[in-house]
Amino acid sequence: EIAFRHDSWNNPSTTWLYSDSGHYNYNSQQLETDNTSFTYSTTWNNYEKVAYTYDASGNTITYIKQSWHNGIWGNKSDYVATYNTANKPLTETYQTGGEGDQAWLNTFHFIYSYDASNNLVLEIDQVWDIRSNKWLNLQQDGRTYDNNNHLMTDLMQSWNSGTGNWDNYYLVKYKYDVFGNKISQLEQSWLQSWQNYFQYSYSYDANHNNNTLEITQYWDANSNSWANQNKYLYSFDLNNNTTMFTS
């Protein structure tokens with residue numbers, strides 16, 4: 001168990017006064033199992049506690065936060081997750097609970113899919129609908145990769161409950177040099193067709209390690225061309241530490 005206490009300085013009394021404290025507990029794998037925090041008035045009072053559970057690989061499978069209210073611990077928020085054999089999350093569910101209310105209420109649900117290399121290829125975000133008592137699609141994020149596992153496209157879509165289809169709203173495209181460095185990022189928004197929005201270009205040092213130049217441009221619909229917005233210059237020492245940044 002590890003504990004802490006925070007005191008604040010009181011000028012009129014020229015002394016340190018208790019403010020808040022807490023303690024943490026860990027299991028044999030040195031993973032935090034729970035923590036409790038307290039506030040001080042004339043005595044120490046319960047404030048908030050958090051408890052964690054893990055699977056055999058050490059992945060967090062539950063996270064429960066409770067707050068002290070009217071003499072009892074009341075549910076505040078809850079997180080439940082599942083994982084694949086590569087320890088990548090497959091689902092995440094978030095719930096909330098009213099102060100002093102022991103009933104959990106669903107809020108958000110996330111579903112993840114991966115390719116054979118365990119790259120994230122699809123994320124579906126859902127929200128709980130209390131009227132139908134079920135999860136409803138909210139948005140999804142689909143990704144593609146090249147043979148070197150570089151992210152190539154990131155397509156974001158929102159759920160259209162009227163048509164029952166996914167509607168495009170944002171697309172990001174990436175390009176890389178032969179050394180695997182990202183050299184461009186094109187962002188487009190959907191308005192009956194893909195419209196240019198932002199573009200980023202990157203340059204690297206002679207060793208192809210450090211990003212020395214980044215240029216940001218926005219699409220000027222009036223001139224139908226890219227317009228410069230920002231330029232960032234970076235310098236590095238022999239240990240690849242940043243020594244200068246200019247914008």
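Preceding this section is the structure that the text describes.
Thresholds, definitions, all that
- Residues numbered from 1 in each chain as written.
- Predicted model: local features only at pLDDT ≥ 70, side-chain atom pairs only at ≥ 80, totals over all residues.
- Heavy atoms only, no water.
- Core = buried A, V, L, I, M, F, W, Y, C linked by side-chain atoms within 4.5 Å.
- Buried < 20%, exposed > 50% of the residue type's maximum accessible area, 1.4 Å probe, protein only.
- Helix = DSSP H or I, 4+ residues; strand = E, 2+ residues; numbered from the N terminus.
- Contact = heavy atoms within 4.5 Å.
- Salt bridge = Lys/Arg side-chain N within 4 Å of Asp/Glu carboxyl O.
- Patch = residues over 30% accessible without salt bridge, like charges linked within 9 Å, V, L, I, M, F, W, Y side chains within 5 Å.
- Areas by Shrake-Rupley, 256 points an atom, 1.4 Å probe, with all protein chains shown as cover.
- Pairing = 2+ DSSP bridges.

The next point concerns the nonpolar core. Across soluble globular proteins, nonpolar side chains have a tendency to be buried as a group. Counting five residues, the largest nonpolar core consists of Leu 151, Met 156, Tyr 170, Val 172 and Tyr 174. The dominant element in this core, judged by the number of residues it contributes, is strand β12 (residues 165–176), at three residues. If we ignore the near neighbours within four places in the chain, the residues touching Val 172 are Met 152, Thr 153, Asp 154, Met 156, Gln 185, Leu 186 and Glu 187.

Side chains bearing opposite charge may pair, as long as their charged atoms lie close to each other. Going through the model one piece at a time under the given rule, you end up with five salt bridges. The shortest N-O distance in the salt bridge between Asp 154 and Arg 143 comes to 3.8 Å. Remark: Arg 143 occurs in strand β10 (residues 134–145) and Asp 154 occurs in strand β11 (residues 151–160); sequence separation between them is 11 residues. Asp 154 sits in the buried class, given a relative accessible area of 8%. One network of salt bridges, in which partners are shared, links Asp 141, Arg 143 and Asp 154.

Residues Tyr 18, Tyr 40 and Trp 44 make up a contiguous nonpolar surface patch of about 270 Å² in total accessible area. If you trace the backbone, Trp 44 turns up in strand β4 (residues 44–54).

In the sheet, strand β8 (residues 105–114) pairs with strand β9 (residues 120–129) via seven bridges, with the strands oriented antiparallel. Directly across from Ser 113, in β9, lies its bridge partner Leu 122. Connecting the antiparallel pair β8 and β9 is a turn made up of five residues, with Asn 118 showing a positive phi of about 65 degrees. Both β9 and β10 contribute to a ladder of eight bridges, which runs antiparallel. From the neighbouring strand, Asp 129 faces β10, where its bridge partner is Lys 134. Connecting the antiparallel pair β9 and β10 is a turn made up of four residues, with Asn 133 showing a positive phi of about 60 degrees.

Honestly, that's just the spatial picture; any functional story needs more than this.
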